[in-house]
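# Residue-level structure breakdown
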Amino acid sequence: RLEEALRAYDELASHTNAVLELRLQAAYKSGRIHQRLKRPEEAYRRYYEGVILPFLEARRAGQPLNEPSVAWFTRAAFEAASLKESKGEWREAIRLYQRVVETGVPAAPEARRRIETLRRDHPLAIKEPFR
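Reference entry: report on the structure contained in this document. (Residues numbered from 1 in each chain as written. Predicted model: local features only at pLDDT ≥ 70, side-chain atom pairs only at ≥ 80, totals over all residues. Heavy atoms only, no water.)

## Details of the side chain of Thr103
Rules: Helical segments are the DSSP runs of H or I of at least four residues, strand segments are the runs of E of at least two, and each set is numbered from the N terminus. What makes two residues a contact is simply this: any of their non-hydrogen atoms within 4.5 Å.
Mapped onto the elements of the fold, Thr103 is located in helix H5 (residues 90–103). Sequence-distant contacts of Thr103, that is, excluding residues within four places in its chain, are made with Phe55, Leu56, Arg59 and Phe73.

In C-alpha cells:
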C-alpha cells in the first residue's frame, strides 16, 4: 500500500498544473513514506527538491504563499535537517535551518535555536561561522 501511495504522491508532486500547496504536500508525504521505508537519501531528495526548492523559487518569484504552503516548507526543511543531523552532517543541517530563518516563517526562531545548539554541540565539526 505504501508503494501505491508513493506513486500517487509522486505523480501529484510532479504535476506542474497542480496548485503549489498540493504539490508541496504530495512531495512532503512522499518523503515521509520513504523515511518509513528506510530510504533516507530518497526522503531527503523529496523534501529538498520537491518542497524546499519549489517553495523558495515561488517566494523569489513573488508568488503569494498561503499558510499551508509555509507549513509544508517548514516541515520538509526540519525533516531534511534532521536527516542530515542523523548522519552527522552538521553543516548541511545548519544550511537547511538557515533557509528557514531567511524566509522569516513562524518557525524561524526555532530554526535559529537549533542552529545555535548545533554550533555549541559540534564546534570542531563546524569550522567556519555561518551568518
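Now that the structure has been shown, we can carry on.
## Overview of the packing of aromatic side chains
Going by this rule: For Phe, Tyr and Trp, where Trp contributes only its six-membered ring, two rings pair if their centres lie within 6.5 Å, and the inter-plane angle classes them as stacked under 30 degrees, edge-to-face over 60, or tilted in between. The cut-offs for exposure are 20% and 50% of the maximum accessible area for each residue type, with area from a 1.4 Å probe on protein chains only; residues under the lower value are buried, those over the upper are exposed, and the others partly exposed. Note on criteria: charge over ring means Lys NZ or Arg CZ within 6 Å of the ring centre, with the direction from the centre no more than 35 degrees off the ring normal.
This structure, assessed with the given rule, holds 5 aromatic pairs. Here the aromatic rings of Tyr28 and Trp72 are separated by 5.3 Å at their centres, their planes lie at 40°, and the arrangement is tilted. A residue pair is termed long-range when its members are at least 10 positions apart, and Tyr28 in helix H2 (residues 20–36) and Trp72 in helix H4 (residues 67–86) qualify at 44 residues. Neither residue differs from the other here; Tyr28 and Trp72 are each classed as buried. Each member of the aromatic cluster is reached from another via a ring pair, and the members are Tyr28, Tyr47 and Trp72. Lying over the aromatic face of Tyr44, Lys84 brings its terminal NZ or CZ to 4.3 Å of the ring centre.

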